[in-house]
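# Understanding the architecture of this molecule
Take a look at the letters that make up each chain.
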Amino acid sequence: MKSIRNIILSLKKYGFLIKQLVSRDFKVKYKRSVLGVAWSLLYPVLMMAVMAIIFSNVFKFNVPGVNYLVYLLTGLTYFNYFSEASNLSMSSIIANFGLINKVYIPKYIFPLTKCLFVGINFLLTLIPLYVVIFATGTGVNIYHLLLPYSFLCLLMFTLGIGFLLSAVAVFLRDMLYIYGIVLTLWTYLTPIMYDLSMLQNKFFETLLKFNPLYQYINFARTIILYKHCPTVGQFAACFVSAALVLLLGVVVFKKNQDKFVYYI
Amino acid sequence: MDEIMIRAKDLSMMFNLGIDKGFSLKQGFVDLFDPKKKKQDKSKNDFWALQDVSFEVKRGEVIGFVGCNGAGKSTLLKIVAGVYKPTKGTIETFGNVCPMIELGAGFDMDLSASENVYLNGAVMGYSEEFIKSKYQEIVDFSELHDFMDVPVKNFSSGMSARLAFSVATIVDPEILIVDEILSVGDAAFQSKSEEKMLSMINGGTTVLYVSHSVESILKLCTGVIWLDHGHIVKAGEPEEVCREYLASLGQSL
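These lines cover the structure that appears in this document, whether it is placed above or below.

What counts, and at which threshold
- Residues numbered from 1 in each chain as written.
- Chains lettered and ligands numbered in written order.
- Predicted model: local features only at pLDDT ≥ 70, side-chain atom pairs only at ≥ 80, totals over all residues.
- Heavy atoms only, no water.
- Helix = DSSP H or I, 4+ residues; strand = E, 2+ residues; numbered from the N terminus.
- Expected span 1.5 Å × (residues − 1).
- Buried < 20%, exposed > 50% of the residue type's maximum accessible area, 1.4 Å probe, protein only.
- Contact = heavy atoms within 4.5 Å.
- Polar contact = N/O pair within 3.5 Å; in protein donor to acceptor, adjacent residues only side chain to side chain.
- Buried area = accessible area lost by both parts, 1.4 Å probe.
- Salt bridge = Lys/Arg side-chain N within 4 Å of Asp/Glu carboxyl O.
- Nonpolar A, V, L, I, M, F, W, Y, C, P; charged D, E, K, R; others polar.
- Core = buried A, V, L, I, M, F, W, Y, C linked by side-chain atoms within 4.5 Å.
- Domains from an automatic or database assignment.
- Pairing = 2+ DSSP bridges.
- Axes fitted to C-alpha atoms, helices over the stretch in contact; angles between N-to-C directions.

## Looking at helix H6 (residues 157-168) of chain B
All names here are of chain B. Between its terminal C-alpha atoms H6 stretches 16 Å, which fits the 16 Å expected from twelve residues at 1.5 Å a residue. Summarising burial for H6: ten of the twelve residues are buried, a large majority. Burial in H6 covers these residues: Met159, Ser160, Ala161, Arg162, Leu163, Ala164, Phe165, Ser166, Val167 and Ala168. On its buried face, H6 is in contact with strand E5 (97-100), helix H4 (113-123), helix H5 (128-142) and helix H7 (187-202).

## With respect to the side chain of Thr205(B)
Residue and element names in this part refer to chain B. Mapped onto the elements, threonine 205 comes out in the loop between H7 and strand E7 (206-210). Of the polar contacts made by the side chain of threonine 205, one reaches the backbone oxygen of proline 173; its length is 3.5 Å. A polar contact is formed between the side chain of threonine 205 and the backbone oxygen of methionine 200, at a distance of 2.8 Å. When sequence neighbours within four positions are dropped, the list of residues in contact with threonine 205 reads Gly60, Glu61, Pro173, Glu174, Ile175, Leu176 and Met200.

## Digging into the interface of chain B and chain A
In this assembly, 28 residues from chain B lie in contact with 21 residues from chain A. Note on chain B versus chain A: buried area summed over both sides is about 2,300 Å², and carbon and sulfur give 64% of it. Counting across the interface, chain B meets chain A through five salt bridges. The shortest N-O distance in the salt bridge between Glu128(B) and Lys19(A) comes to 3.0 Å. Linking chain B with chain A are seven residue pairs in polar contact (both at pLDDT 80 or more), by the criterion used here. Among the elements of the structure, strand E1 (4-16), helix H3 (73-81), H4 and H5 of chain B are those that each provide at least two residues to the side of chain B that touches chain A. Top element by residues in the side of chain B that touches chain A is H4(B). It accounts for five residues. When the residues that make up the side of chain B that touches chain A are grouped by side-chain class, the tally is 17 nonpolar, three polar and eight charged.

## A look at the nonpolar core
Within the largest apolar cluster, 155 residues are counted, with the highest numbers of intra-cluster contacts made by Tyr78(A), Phe82(A), Phe157(A), Tyr216(A), Phe55(B), Phe65(B) and Leu163(B). With 14 residues, the top contributor of residues to this core is helix H3 (residues 68-95) of chain A. Taken domain by domain, the makeup of this core includes at least three residues from each of domain 1 (1-96 + 173-253) and domain 2 (103-172) of chain B. Among all residues touching Phe157(A), those that are not within four sequence positions of it are Phe82(A), Trp186(A), Pro212(A), Leu213(A), Tyr216(A), Ser241(A), Ala242(A) and Val245(A).

## Let's talk about the sheet that holds E5(B)
Residues and elements named next belong to chain B. The strand order across the open sheet formed by six strands is E5-E6-E7-E3-E8-E9, and the pairing between neighbours is mixed. Two strands lie at the open edges of the sheet, namely E5 and strand E9 (231-236), each paired on one side alone. Ignoring which end each strand starts from, the neighbouring axes of this sheet average 15° apart. As paired elements, strand E3 (residues 62-66) and strand E8 (residues 223-228) share four bridges and run parallel to each other. Bridging from a neighbouring strand, phenylalanine 65 pairs with isoleucine 225 of E8. Lying on the sheet, H3 is in contact with E3, E5, strand E6 (175-179), E7 and E8; it crosses E6 at an angle near 150°. Along the sheet, helix H9 (residues 238-248) makes contact with E3, E8 and E9, crossing E8 at roughly 25°.

This is how it looks when you write it as C-alpha cells:
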C-alpha cells in the first residue's frame, strides 16, 4: 500500500516533467517537416493502406465471416504501438544519459514517457481505424466501451517490456540489434495478417495463444468484428499477462537503475 | 541556526575504470585462457573517487571544496545531488536541493529558448505554475528578450549559459550545490550572476561550492573542506585551509 502511495506522489511530483518530455518528443519529431503533426495521422494511415493493398488485394488473404480490412487494421494498430513504443523505450535510458548523469530524475520516467508519447499516436490511429470500421459497414456496438481495457493492458505490457529492455540495453548494447530481429519474428508470430485457424496445426495454434499481444488483439477483434463481449477468460488472460510482464520489468529495472550511471 | 541540513557519513565511491570496455566476446574469449589476468585487471580497474568522507553542514553555512583535479569534488557534489548512489556510507539531505552542477542539463537544441525554459525547469523539478509565474523574471535576468523564439542550437555558448543560469537560479532552494559556474557569459553578466549567487547565499541558503578560484572561495565561504585523492585532508576555517592548500601547491595567499 505504501509503495502505491509513493508511486502516486512521485507521479504527481514529476507529472509536469513527464508532460514536458512528451511534448518535447512531439515538437522535435515533427520539427521542420512541412506537414508537421499531421504526420502522426498520415503516416500510420499510409502504412496501413500499403499493408491493406498487399494483403487483401495482392495475396488475397481472407478471414471467413469478417471484413478482412478491419481484421488487419485492428491487429496492425495494436502491434505498431507495441513495436514503436518498446523500441523507443529500449534506447530511452541510453539516449538521455546527458540528463541522468547531471541531475536526479527518477529513471523510470524515460521509458514511461516514450510509452505515453507513442500512446498518443496510438489514440490518433484509432481515427482511421474507426473510419474504416464505418466505411466497410462493420459498425459499432455497445461493447466498444470495453476496448480501453485492452488499451490499458497493452500499455502495461509494453511498459513492462520497455523497462526490461531499457535496463538490459544499458549493459548490453547488442540488445538494440537483437531486438530488431526479435521484433520481426514477433510480427509473424502474432496473428496480424492471418488468422490462427489458417495454421491448420493445433499445436502451433495453442502455442501462439501464449503471446500476450495475441490476447489484446483478440480481445479487440472479439468486440469489433465478432460483436460480442469477450469471455471472462479473455479478460483474465489480458490482465494477468500484462501485470506479470509489468511486474517483471519493474523489478529488473528497479534492481539495476542505480548502476546505470556507470555503464552508459 | 544549528539545524543540520546535510549529513554525510563515511561516503565512499568506487568507479570501475575498465567498465567502459564492457564485456565483449573477443575479450571474454581471450580471458578464458588467462583467468589470472582477468582477476588482476578487475581490481586494478577499481578506482576510489571518495573514501570515508564524513561531514555535516548546518543551515546557512557555505562550504567550499578545494582540491586538485580528480580529488573527488564533483563526485561528492553528485552524490549529494542524488545523481550517484554512494558505494558505501550514507548521505542525508534535509530540504530541497538545487543542483547547479552542469548548467543547461536537459536543454534540447532543437527547441526554442522559451520551450527550453519550461523543459529545463521541469528537469530541475519546478512546477508548471511556478515557471509560468517566474517566466518573465527568467527572461529579464538572461537579457535574451529578442531570442526567446530562437532554437537553442543557434545560440552562442555564452547565450545558452546565461539562459541556463537564469533558469537554475530562479528558485530559493534550501540547499544549493554549485560547481564552478560563476564564470558564465561576459564580464557584465559575470558580475550580475555573482551578485545573484551572493544574494541567494545571504538569503540563508545552505551552499556547497566547488571552485578552483581560492579568491572566490574566501569571499563566499564560511567553511572549507580540502579534498585530495578522495580523502579529506583538512576541514575548517576558510583562510587557514586555503593557506595550507595553496602551500601544498607551492603558492601563497
